[in-house]
Amino acid sequence: MKKYKFGSLIGCVILIFLEMLPVGAVLTFAGDGGETVRKTYSYFSLLPYGYANFGPFLTAVLAVVLTVLTLINLFSNKKWLLNASITLSATAIVTSLLPLMLGTDYFTPTAVIITLLLSALTALNIFTKKHQGETI
């Protein structure tokens, strides 16, 4: 059981590392001559948030809270922590997909990896809960 929780913690650390890279959040600006300039930022940057690209920053905040809950859950065996982790990771999946509402140009390969990793963490937490003999 501890190995699943430890696996979740490692996944959360990888998730935060990917979100710190400056290639996740995208902004598109008008350049000279009518062309567009595409700039990428970290998920933790408030600049995309200020330009109405809310998803990456919300995902980063949820990932930090998920990491803290997973760390606490590693040393305690509280049912509500696992339920909260499942809910947070599922919510983070939704927020990580929010840039697609602006268009596919706002979604990078790093964002795809982050979304897939969040999906894997959700599945791992559900598997951990089922392995404990609980129902969802």
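Computed from a predicted model, the values in this text were never measured in an experiment.

Draft legend 1. Representation of the overall build of the protein. When you go through the protein residue by residue, the secondary structure sums to five helices and two strands. Helices and strands appear in the protein in the N-to-C order α-β-β-α-α-α-α. Seen along its three principal axes, the alpha-carbon backbone of the protein occupies a region of about 60 × 20 × 20 Å. Taking the intrachain contacts of the protein between residues at least 6 apart in sequence as the baseline, contacts between residues at least 24 apart amount to 60%. On the protein, roughly 7,300 Å² of surface is accessible, and the fraction owed to carbon and sulfur atoms is 72%.

Draft legend 2. Here's a closer look at the pairing of strand β1 (residues 25–30). Pairing between β1 and strand β2 (residues 36–41): six bridges, direction antiparallel. Pairing of threonine 28 across the sheet is with arginine 38, part of β2. In this antiparallel pair of consecutive strands, β1 and β2, the connection spans five residues, and glycine 33 shows a positive phi of 80 degrees.

Draft legend 3. Spatial organisation of the nonpolar core. Leu15, Tyr43, Leu66, Leu88, Ile114, Leu118 and Leu121 are the most contacted members of the largest nonpolar core, which has 20 residues in total. Among all residues touching tyrosine 43, those that are not within four sequence positions of it are Glu19, Leu21, Gly24, Ala25, Pro56, Phe57, Thr59, Ala60, Ala111 and Ile114.

Draft legend 4. Inspection of helix α4 (residues 79–96) at higher detail. Here α4 is 18 residues long and its end C-alpha atoms lie 26 Å apart, about the 26 Å a rise of 1.5 Å per residue gives. Considered for burial, the residues of α4 that qualify are Leu81, Leu82, Ser85, Ile86, Leu88, Ser89, Ala92, Ile93, Thr95 and Ser96.

Draft legend 5. Looking closely at empty space enclosed by the protein. One pass over the full model with this rule turns up one cavity of 30 Å³ or more. In terms of lining residues, the largest cavity is bounded by Tyr4, Lys5, Ser8, Thr70, Asn73, Leu82, Asn125 and Thr128. When residues of the lining of the largest cavity are traced back to their parent elements, those giving at least two are α1 (2–20), α3 (55–75) and α5 (109–131). Sort the elements by how many residues they give to the lining of the largest cavity and α1 lands first, with three residues. Taken together, the residues of the lining of the largest cavity break down into two nonpolar, five polar and one charged.

Draft legend 6. Structural context of α3. Here α3 spans 31 Å end to end across 21 residues, near enough to the 30 Å set by a 1.5 Å rise per residue. Those residues of α3 that fall on the buried side of the exposure criterion are Gly55, Pro56, Thr59, Ala60, Leu62, Ala63, Leu66, Thr67, Leu69, Thr70, Asn73 and Leu74. Those residues of α3 hidden inside the fold are in contact with α1, β1, α4 and α5.

Draft legend 7. Main features of a nonpolar patch on the surface. A cluster of nonpolar side chains, namely Phe17, Met20, Phe44, Val64, Val68 and Ile72, defines an oily patch on the protein surface of about 520 Å² accessible area. Elements supplying a minimum of two residues to the nonpolar patch: α1 and α3. Here the element with the most residues in the nonpolar patch is α3; it accounts for three residues. Within the secondary structure, methionine 20 sits in helix α1.

The rules behind the values
- Residues numbered from 1 in each chain as written.
- Predicted model: local features only at pLDDT ≥ 70, side-chain atom pairs only at ≥ 80, totals over all residues.
- Heavy atoms only, no water.
- Helix = DSSP H or I, 4+ residues; strand = E, 2+ residues; numbered from the N terminus.
- Contact = heavy atoms within 4.5 Å.
- Areas by Shrake-Rupley, 256 points an atom, 1.4 Å probe, with all protein chains shown as cover.
- Pairing = 2+ DSSP bridges.
- Core = buried A, V, L, I, M, F, W, Y, C linked by side-chain atoms within 4.5 Å.
- Buried < 20%, exposed > 50% of the residue type's maximum accessible area, 1.4 Å probe, protein only.
- Expected span 1.5 Å × (residues − 1).
- 1 Å grid on protein atoms, 1.4 Å probe; cavity = no way out; pocket = protein on both sides within 12 Å on 5 of 7 lines; lining within 4 Å.
- Points joined across faces, edges and corners; volume = space filled by probe spheres on them.
- Nonpolar A, V, L, I, M, F, W, Y, C, P; charged D, E, K, R; others polar.
- Patch = residues over 30% accessible without salt bridge, like charges linked within 9 Å, V, L, I, M, F, W, Y side chains within 5 Å.
- Salt bridge = Lys/Arg side-chain N within 4 Å of Asp/Glu carboxyl O.

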